[in-house]
Amino acid sequence: MQNKPRIAVICAAHRGNSGMYSVDAAAQAYFSSRPCEFDIFVTQHQKDGPRFTHGDVRVLSDMDQLRDYSHIVYWGDFLNNPMYGQGDYARRDVMFGHSATVDEGYARWQALHACFDKVPGQRILSVGNNFQHNYQKPRHNFAPIFRKLEANFDLILPRDSFSVLNVARRFTFEGMSRVKAGMDCAFLLPPLPEAPREDMFTYFFGRSKLEEPERLVAMVEERTGLRGKAVPAWLRLDHRTAPEDFAASRRQLARSRFVLSDTYHFCINSFILGTPVIGLGRAEVAQNGTLGDFKKRVLFDMLGLQSLYCEAPADMSDNDFYGFIAKKAEAEIARDFNQPGRSALMRGMIDKFREDLDLAIFGAA
């Protein structure tokens, strides 16, 4: 192996989701600032569409392509999660034309994300992955997958504390030490220079199926005296203008007094910029698929922001829920969201995440 690490960074495929674009951008920013050579790969791509990854991207179809790399880093999303492999990944593999059936797609996920033969001396990391699913359902048999994950990976840094426990309990006693607390990779995206806040809040709703969210915006405007401003096309960037459009969205978030959203990475991108967030979601007790609301509850909990995540009770009308949110926004603005104490915890966690990653790859913080 070379003294200077040569790193293969595996990212998730997507079709213009700004949240995933921010995860890719964080990879580009982090590895570009470190003493290494790196290439970005995806294992899936839409053959008749653009590839939304920062910088040049290669397509990984066989692990032999990575034999000469000193490190393999699976970067973000659900990449090493077998429930994702069996579900969303397998279906997308068929949709993108890589596999003929979902069974073939799942086999392909296993070969490229979990059950390959590790090259001696190579270090393999899983960074910022979600492992929140229930792996004990009778119809699943993921025990062999977790045995291979334990055998292959030198370090797993899941993106939340729930995932850490959920993975560690499926490893042997010795293997548990290779699972440590991480964060979502988007938290490594560099912040923007501080900008003056405007008399507005930014909103985006794309996940929790809220009824007539424009009513919520109007109620919050009335209560707070601030103007609500949407971010257009957060989930559908145009590949021709993606860098400029994403940068414009970030600037708007940085100028906002606060953010109102039901979308996971929209919240994270706001946190990075020091903008308070009131998060919304449906009450859930487990993660289902990749778009469920449970991951948002876990995110706010781990950041010590439980009081700013608002779940809609099943027995409450959306109109009453919106009224509750509007009152909360008014009260939080009056005390400036208690910003200093809340942001200090997050900054400390990001610093620790970066230091652990530096140590695992480069041997020093």
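The structure this text deals with has already been given above.
Residues numbered from 1 in each chain as written. Predicted model: local features only at pLDDT ≥ 70, side-chain atom pairs only at ≥ 80, totals over all residues. Heavy atoms only, no water.

Participant: If you had to explain the pattern of salt bridges to someone new, which residues and values would you point to?
Facilitator: Applying the stated rule across the entire model yields 20 salt bridges. For the salt bridge of Asp64 with Arg67, the shortest nitrogen-to-oxygen distance reads 3.7 Å. Bridged by salt links that share partners, the residues Arg6, Asp39 and Arg58 form one connected network. (Salt bridge = Lys/Arg side-chain N within 4 Å of Asp/Glu carboxyl O.)

Participant: Which residues make up the side chain of Arg170, and what are the values?
Facilitator: With respect to the secondary-structure elements, Arg170 resides in the loop between helix 5 (161-168) and strand 7 (200-204). Here Arg170 is buried and forms no salt bridge, its nearest opposite-charge partner Glu150 lying at an N-O distance of 11 Å. Separated by 2.6 Å, the side chain of Arg170 and the backbone oxygen of Asn166 make a polar contact. Those residues within four positions of Arg170 in sequence are excluded, and the remaining contacts are Tyr135, Gln136 and Phe146. (Helix = DSSP H or I, 4+ residues; strand = E, 2+ residues; numbered from the N terminus. Buried < 20%, exposed > 50% of the residue type's maximum accessible area, 1.4 Å probe, protein only. Lys, Arg positive; Asp, Glu negative; His and termini not counted. Polar contact = N/O pair within 3.5 Å; in protein donor to acceptor, adjacent residues only side chain to side chain. Contact = heavy atoms within 4.5 Å.)

Participant: An account of the environment of Glu355 is needed here, citing residue identities and associated values.
Facilitator: Examined against the element boundaries, Glu355 turns out to sit in helix 11 (residues 339-362). When the C-alpha atoms of Glu355 and Ala331 are compared, they prove to be 36 Å apart, with 24 residues separating the residues in sequence.

Participant: An account of the environment of Gln44 is requested, with residue identities and associated values reported.
Facilitator: Inspection of the secondary structure assignment puts Gln44 in the loop between strand 2 (37-42) and strand 3 (57-59). Once the C-alpha coordinates of Gln44 and Arg92 are considered, the two residues, 48 residues apart in sequence, prove to be 8.1 Å apart. Setting aside its immediate chain neighbours within four residues, Gln44 contacts Ala13, Tyr84, Tyr89, Arg92, Asp93, Phe96, His98 and Arg108. A polar contact is formed between the side chain of Gln44 and the backbone oxygen of Tyr89, at a distance of 2.9 Å. Separated by 2.8 Å, the side chains of Gln44 and Asp93 make a polar contact.

Participant: Please set out the nonpolar core residue by residue, giving values where relevant.
Facilitator: Soluble globular proteins tend to pack their nonpolar side chains together in the buried interior. Among the nonpolar cores identified, the biggest contains 115 residues, and Phe31, Trp75 and Leu260 are the most heavily contacted of them. A total of eight residues in this core trace back to one element, the largest contributor, which is helix 1 (residues 18-32). (Core = buried A, V, L, I, M, F, W, Y, C linked by side-chain atoms within 4.5 Å.)

Participant: Tell me about the packing of helix 7 (residues 242-255) against helix 8 (residues 264-272), and please be specific about residues and values.
Facilitator: It is the contact of helix 7 with helix 8, at a shortest axis distance of 9 Å, that shows an interaxial angle of 65 degrees. Both helix 7 and helix 8 take part in a crossing whose hand is right-handed. The segment helix 7 lies against helix 8, with Phe246, Arg250 and Leu253 engaging Phe266, Asn269, Ser270 and Ile272. Considered class by class, the residues forming the contact of helix 7 with helix 8 number four nonpolar, two polar and one charged. (Axes fitted to C-alpha atoms, helices over the stretch in contact; angles between N-to-C directions. Left-handed = near helix turned anticlockwise from the far one by under 90°. Nonpolar A, V, L, I, M, F, W, Y, C, P; charged D, E, K, R; others polar.)

Participant: Hey, could you go over the packing of helix 1 against helix 7 for me, with residue numbers and the actual values?
Facilitator: Orientation of helix 1 relative to helix 7, taken along the N-to-C sense of each, is 100 degrees, at an axis distance of 11 Å. Classified by the interaxial angle, the pair formed by helix 1 and helix 7 is roughly perpendicular. Facing Ser18, Tyr21 and Ser22 of helix 1, the residues of helix 7 in contact are Ala242, Pro243 and Phe246. Here the residues of the contact of helix 1 with helix 7 are counted per class, giving four nonpolar, two polar and no charged. (Parallel < 35°, antiparallel > 145°, perpendicular 65-115°, else oblique.)

Participant: Please give an account of the sheet that holds strand 10 (residues 277-282) that cites residues and values.
Facilitator: Strands belonging to one sheet form pairs held by backbone hydrogen bonds; the direction of such a pair is parallel or antiparallel. Overall, parallel pairing links the five strands, which are arranged 8-7-9-10-11 in an open sheet. In the strand order of this sheet, the two ends are held by strand 8 (227-230) and strand 11 (309-312), each with one partner. Averaged over neighbouring strand pairs, the angle between their axes works out to 20 degrees when direction is ignored. Sheet analysis places strand 7 next to strand 9 (residues 259-261), joined by three bridges and oriented parallel. The residue bridging Phe204 from the neighbouring strand is Ser261, located in strand 9. Against the sheet, helix 7 touches strand 7, strand 8 and strand 9, its axis set at about 135 degrees to strand 7. (Pairing = 2+ DSSP bridges.)

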